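The chain contents come next:
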Amino acid sequence: MFIYLLEVELLLEESYSLKDKRRIIRSILDYARDQLKISSCEISNHDTYNLTRLGFVTISNQRNLAKDMLEQWLERIISYYPVQLQHYIIEER
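Small disclaimer: the values here were computed from a predicted structure and weren't measured.

Turning our attention to unusual backbone geometry. In this model, Lys-37 sits at a positive phi of 60°, which is unusual for a non-glycine residue. Within the secondary structure, Lys-37 sits in the loop between helix H1 (18–34) and strand E2 (39–44). Positioned with a positive phi, Asn-45 is a non-glycine residue whose angle comes to about 60°. Along the polypeptide, Asn-45 turns up in the loop between E2 and strand E3 (51–60). Note on Asn-45: relative accessible area 24%, which makes it partly exposed.

Structure, rendered in structure tokens:
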């Protein structure tokens, strides 16, 4: 069994209030949970309206499958959402 963690720090480009931030983050987290079956949550910067740190976790019986899924998800976040990638790390647990 392989457990992979993606931790990503994002600058939210179209967020001018905490309400805007919640809308963007909720969209990202809902897609991860509902479509990709990846566990996720906001892990820090809760009170900063334009910066967030999100965590995503996936488990697989194949090492490459779990890691590739998180890498593809990171590319989708950058491509489809109004965010700038500040920092990320993918690690095996």
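Further remarks concern the pattern of salt bridges. Evaluation of the coordinates by the stated rule reveals eight salt bridges. In this structure, the salt-bridge partner of Glu-7 is Arg-53, at a minimum N-O distance of 2.9 Å. Of the two residues, Glu-7 sits in strand E1 (residues 2–12) while Arg-53 sits in strand E3, which places them 46 residues apart along the sequence. Between Arg-53 and Glu-9 there is a salt bridge; the shortest N-O distance is 2.1 Å. Residue Arg-53 is located in strand E3, and its partner Glu-9 is located in strand E1; the two are separated by 44 residues in the primary sequence.

Rules used in this analysis
- Throughout, a residue's number is its position along its own chain's written sequence, starting from 1.
- At least 70 in pLDDT is required for a residue's local features to be given in this predicted model, at least 80 for side-chain atom pairs to be given and counted, and no such filter applies to totals for whole chains, interfaces and linings, which use all residues.
- By convention in this description, side-chain values take in all heavy atoms of the structure and omit both hydrogens and water.
- Numbered from the N terminus, helices here are DSSP runs of H or I no shorter than four residues, and strands are runs of E no shorter than two.
- For every residue, the accessible area (1.4 Å probe, protein chains only) is compared with the maximum for its type, and the residue is labelled buried under 20%, exposed over 50%, or partly exposed between those bounds.
- Salt bridges, as used here, are contacts in which a Lys or Arg side-chain nitrogen is within 4 Å of a carboxyl oxygen on Asp or Glu.

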